Every structure is written in structure tokens, then in C-alpha cells.
Amino acid sequence: MSADPAAATVTVIGAGPTGLALACELAAAGVHCRVLEKRPRRVAWSRAMGLEPRTLEMFDMRGMAEPFVDRGRPWRLQPLGDRAHHLDYALLDTSFPYVLILSQHHTEELLEKRAVELGAEIVRDAELTGLTQDDTGVTLEVRGPDHRRTERAAYVVGCDGVRSRVRELSGIGFTGRSYRESLVVADVRLTAPPAALVDARIAPRGLVAVFPLDDGVFRLVVLDRDRMRLPVEQPVTPQELTDSVLAVFGEDLGVGEVVWASRFRSDQRLADRYREGRVLLAGDAAHTHLPSGGQGLQMGIQDAFNLGWKLAAEVQGRAPAALLDSYEAERAPVARRVLRQTDRAFRFETSRSALANAARWAGMRLMRVRPLQRPLIDDLAGLTLRYRPASGATTGRMTGRRLPDTPLYGAGPSVTRLYEQLRDQRFLLVDQSPDGRAAAVAGHWAGPVRTVRAVAGGRRRWPTALLLRPDGHVAWSGDGARPEGLRDALHTWVGEAPQRPEPRLPERTMDDAMEETA
């Protein structure tokens with residue numbers, strides 16, 4: 001960490017969901033965080049409007065899922081587009097077996113409220129115009145409504161979207177391509193909404209999806225193959241929406257007032273690198289792709305949760321070597337995979353060939369089979385994400401995986417949940433072994449690592465010892481009685497252990513814990 005007190009902070013550019021989620025993570029870790037946003041206020045419309053289960057799980061790890069669930073609409077059955085069948089999110093192993101329908105401006109409102117409560121500073125009407133960095137920090141040139149100023153930060157994170165000024169000023173390329181086909185997104189009032197508030201239809205002409213918003217307004221997503229080559233500048237009219245809905249959806253939904261609409265072309269692009277010295281990128285500034293599957297918002301928040309604890313450790317001078325670089329090493333492969341998936345999906349959705357029509361028909365019929373749905377839903381929900389361990393690391397079969405929430409018996413006077421133990425953003429060692437040897441090893445890192453000797457409930461068969469990172473992914477797993485590799489994993493992720501005497505094992509025994517489960 002720089003000795004310059006003015007540089008002992010992180011400035012986040014962009015107050016969208018990614019930037020605000022990162023501000024929450026940094027502020028909760030005790031890092032002075034300042035968010036600069038060029039918009040004077042939140043806009044009332046946005047393209048993103050759903051939170052997948054993994055995103056809600058991450059919020060739950062910080063104790064902030066409840067306000068989102070209270071504000072949104074949980075929707076379990078996701079339509080396959082054939083009028084009759086659905087992907088059933090009840091098949092998932094999660095406390096949030098649904099997609100939460102919630103407008104992005106509500107997501108931003110709740111994240112901003114949380115960030116401010118934690119101590120982050122949100123500055124609006126502040127546009128970044130210049131950026132230079134040296135060995136001790138970053139100097140920013142900022143333009144306000146009636147002034148210009150310079151600011152100093154230890155690190156800067158660009159969360160400022162596809163046209164990122166941070167990325168441009170840092171000289172980071174954005175490699176990929178643009179699509180020629182255009183899509184339409186519109187918020188409209190419907191006089192005859194579908195019986196199922198969330199619905200979608202797929203037909204030879206294209207795709208139409210309908211989602212409920214607020215105050216009788218519905219979101220229409222329209223892929224009309226007869227209109228995909230229209231210029232994006234051409235206004236979206238009620239008559240066009242009515243025609244497309246009739247042709248694809250097969251019903252007149254009574255399109256009335258168009259509250260907001262956008263005809264747009266998507267890009268598939270990935271930043272050449274996520275870090276340039278003391279400048280980092282996250283969210284759409286680092287990657288952008290087609291909206292297929294609604295993954296953009298989820299990926300941005302996942303970026304924030306991956307980066308937040310690592311950047312906090314770096315700023316506070318406690319990060320082991322290469323910790324901050326692991327952000328790109330873990331998140332860029334995820335972005336590449338999503339870009340490939342959405343590209344294939346879009347080509348599949350937009351093709352008018354007989355082969356593509358037959359494949360869509362066959363795929364729809366296959367997805368009616370419930371056992372075949374689970375892998376697809378797991379992937380859409382974000383539950384399959386796994387970060388690969390370093391080559392040659394002795395870390396266990398579950399390393400890099402996400403763990404579902406579960407009761408912990410014996411962790412205290414009452415039963416707690418796994419995710420509740422992650423709310424202070426520390427590493428968590430769960431030792432289920434009788435002798436507590438893994439707990440004894442982790443005791444050397446008692447400050448940054450919380451150790452819990454407990455039995456995990458439920459039907460899951462986990463290794464007897466698990467080390468979880470602050471973002472809920474497994475850093476190490478193994479036999480608690482023979483914890484080979486645990487010390488190395490702690491050195492890799494947490495750093496050097498403070499010098500202290502050999503810790504005593506907790507007096508609470510596993511016999512006590514087992515009795516509580518009986």
C-alpha cells in the first residue's frame with residue numbers, strides 16, 4: 001500500500017450494478033471507496049431485469065438478499081416458448097429456486113442504499129475526462145456541472161460499461177465484433193397481458209418474451225426475423241410491436257403506450273486484459289455479449305464479488321503475491337465461455353434455414369424432459385461456475401466450486417447457516433473431523449480466517465474439511481484429520497500467518513456437535 005494517505009482509497013467509475021456491488025464489497029471491508037457516475041440521476045429504464053439464483057446467493061452471503069426478494073417477483077417456471085412447457089427452477093439445489101424479476105433501476109437503488117450505509121461515497125454528475133498513473137496511485141481528471149478537478153486514488157476500477165472511458169484512457173483494447181442484426185426491447189402498457197405474467201413464444205418468424213415490471217408496464221423482448229435488418233435509428237412504434245407480437249406470439253396483447261423502447265445491435269467483445277497497473281476493469285467495461293440468457297448483469301456482479309476482497313487485501317497491504325492478478329485469471333475465462341455460448345445461441349435463434357427450424361423444434365421437445373433440464377438450468381442459474389486451481393496445487397476435488405447454503409450444527413449455541421458465516425468477508429474453514437487438525441492449522445491465521453468446527457447438515461456428502469474464500473468458492477478441501485495442502489492454500493490465498501504460539505484446539509468436541517445433530 002502506498003504511503004501517500006490521499007492514495008489510500010479506491011475510486012470506482014460507474015454507478016451501475018457492477019460498480020455499486022463492488023462499492024459494497026470494498027466499503028464492508030473497510031476500504032474508503034468513492035464512486036463517480038456521469039449521470040446526474042438513475043434512469044428509470046434499463047435492459048437488465050432479472051437476478052439469477054447465484055447472484056441472490058452472493059447477496060445472501062452479505063446479509064442483503066431480503067430487500068431484493070421483497071422488491072422483486074420470484075418466478076420459478078421459465079417458458080420454453082411452446083405455449084405449454086417450462087424450465088422448472090425448483091430442480092435447483094439452492095435457497096433461491098427462481099429468477100427474481102426486478103428492474104435494473106431497483107437493483108441499483110438497493111445496492112446504492114447498501115453501499116452508502118456501509119460508508120461508500122456516491123458522486124453523480126461527475127464525468128471522467130483524464131487518467132494517468134504512477135507507482136503510488138492514479139490521478140483522475142473529473143468534470144462536473146460547473147467545474148473541473150483532479151482526484152487521487154490508490155486504485156481505479158472501470159465499471160463504466162461498453163463504451164468505457166477508463167478502458168480507453170488506459171489503452172486497453174476491446175477485441176471482438178458487432179452484429180448486423182438488431183433486436184427490440186420495449187417497456188409498454190398491455191391491455192391484454194398473457195395469463196402467465198412471464199411468457200415467451202418461439203415461432204419461425206422469431207421470438208417474443210414478456211415480463212412484468214411495475215405499475216402495469218411490461219417488458220417486451222422481440223426478435224423479429226423480418227425486421228432484424230432495420231436501422232437502429234428507426235423508432236419503435238406501437239404498430240410495429242403489435243405486428244411482431246401477433247406474428248410471433250400468436251396473440252394480440254393489446255400494446256398501448258410505449259414507455260420506453262430501444263432498437264439495438266449487440267457486440268461480442270472482451271477486453272485484452274483486465275488490469276493495467278493500478279487500473280482494473282469489471283462488468284461490461286471488460287466484456288459484452290448478446291443478451292441471450294440474461295447473463296450480463298449476473299457476470300458483472302460476479303466480477304465485483306471476485307474482485308472486491310482481493311482488491312481490499314491489496315489496498316490494505318495484506319494480499320499475498322499475485323492475488324490481485326488472480327482476478328483476471330479467474331474471470332476472463334468465464335467471460336470467454338459466455339461469449340461463445342451466447343454467440344452460438346444467437347446464431348441458432350436468428351437462422352431461418354430449414355435445418356435451424358428443425359433443430360429448434362427438436363430442442364424444444366427434448367427440454368420437455370425434466371431430467372434433461374437440470375444441466376441447462378444449473379448453468380443459467382450460475383450454479384456450475386468453478387474457478388480452476390493453480391496447476392499442481394494440492395487443493396481437493398471441490399476446489400473452485402460454489403457451495404450451496406446448508407445448516408451448520410455445532411458452530412455455536414444455535415444452528416447457523418453456512419452463508420451466515422461469510423458475512424464478515426473473512427475466509428471460512430469448516431472442520432467436520434473429530435480431532436480438529438485442520439482447525440489447528442487454520443488457527444495460525446485466526447484474524448483473516450474464521451474457523452468453525454461443525455457438522456454440515458442436509459444430504460450433501462462433503463469432504464471433512466473445507467476452506468471457503470470470501471466470495472463463497474472453495475479454496476481447499478480435504479480430510480480434516482490429514483489436512484495436506486491446507487497450509488499451502490492459506491499461504492496462497494491469505495498470505496503469511498501472523499507470528500503467534502501454536503493454537504490450542506477448541507474445547508468443543510465433535511462428539512458435542514454430533515449430539516446436537518441427533
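On a predicted model such as this, the values are computed, not experimentally measured, just so you know.

Engineer: Pulling in residues and values, what's your account of the pattern of salt bridges?
Structural biologist: A side chain of one charge can pair with a side chain of the opposite charge when the charged atoms of the two come close. By the definition in use, this model includes 45 salt bridges. Across the pair Arg-374 and Asp-378 runs a salt bridge, and its minimum N-O distance is 3.0 Å. Placement of both Arg-374 and Asp-378 in helix α10 (residues 370-381) is noted, with a separation of four residues, approximately one turn of the helix. Taking relative accessible area as the criterion, Asp-378 reaches 14% and is therefore assigned buried. One connected set of salt bridges, linked through shared partners, spans Asp-60, Asp-405, Arg-417, Glu-420 and Arg-423.

Engineer: With reference to specific residues and values, describe a positive patch on the surface.
Structural biologist: A cluster of basic residues, Arg-386, Arg-388, Arg-397, Arg-401 and Arg-461, forms a positive patch on the protein surface. Relative to the helices and strands, Arg-401 resides in the loop between α10 and β21 (407-409).

Engineer: Describe in detail the packing of helix α2 (residues 53-61) against helix α7 (residues 296-315), supporting the description with residues and values.
Structural biologist: Axis separation between α2 and α7 bottoms out at 10 Å; the angle between their running directions is 30°. As summarised for this structure, α2 and α7 are arranged roughly parallel, according to the angle between their axes. With respect to the hand of their crossing, α2 and α7 are arranged in left-handed fashion. Together, Arg-54, Thr-55, Met-58 and Phe-59 of α2 and Gln-298, Ile-301, Gln-302 and Phe-305 of α7 make up the contact between the two elements.

Engineer: How would you sum up the environment of Leu-111? Please name residues and give values.
Structural biologist: Summarising the element assignment, Leu-111 is placed in helix α4 (residues 104-118). Overall, the relative accessible area of 0% leaves Leu-111 in the buried class. In the structure, Leu-111 is positioned 93 residues away from Thr-18 in sequence and 9.5 Å away in space, judged by C-alpha atoms. Here Leu-111 is in contact with Pro-17, Leu-20, Ala-21, Cys-24, Phe-59, Met-64 and Phe-68, once residues within four sequence places are set aside.

Engineer: Which residues make up a nonpolar patch on the surface, and what are the values?
Structural biologist: On the surface, Leu-366, Val-369 and Leu-372 cluster together into a nonpolar patch covering about 250 Å² of accessible area. Residue placement: Leu-366 occurs in helix α9 (residues 354-366).

Thresholds applied
- Residues numbered from 1 in each chain as written.
- Predicted model: local features only at pLDDT ≥ 70, side-chain atom pairs only at ≥ 80, totals over all residues.
- Heavy atoms only, no water.
- Salt bridge = Lys/Arg side-chain N within 4 Å of Asp/Glu carboxyl O.
- Helix = DSSP H or I, 4+ residues; strand = E, 2+ residues; numbered from the N terminus.
- Buried < 20%, exposed > 50% of the residue type's maximum accessible area, 1.4 Å probe, protein only.
- Patch = residues over 30% accessible without salt bridge, like charges linked within 9 Å, V, L, I, M, F, W, Y side chains within 5 Å.
- Areas by Shrake-Rupley, 256 points an atom, 1.4 Å probe, with all protein chains shown as cover.
- Lys, Arg positive; Asp, Glu negative; His and termini not counted.
- Charge placed at Lys NZ, Arg CZ, Asp CG, Glu CD.
- Axes fitted to C-alpha atoms, helices over the stretch in contact; angles between N-to-C directions.
- Parallel < 35°, antiparallel > 145°, perpendicular 65-115°, else oblique.
- Left-handed = near helix turned anticlockwise from the far one by under 90°.
- Contact = heavy atoms within 4.5 Å.

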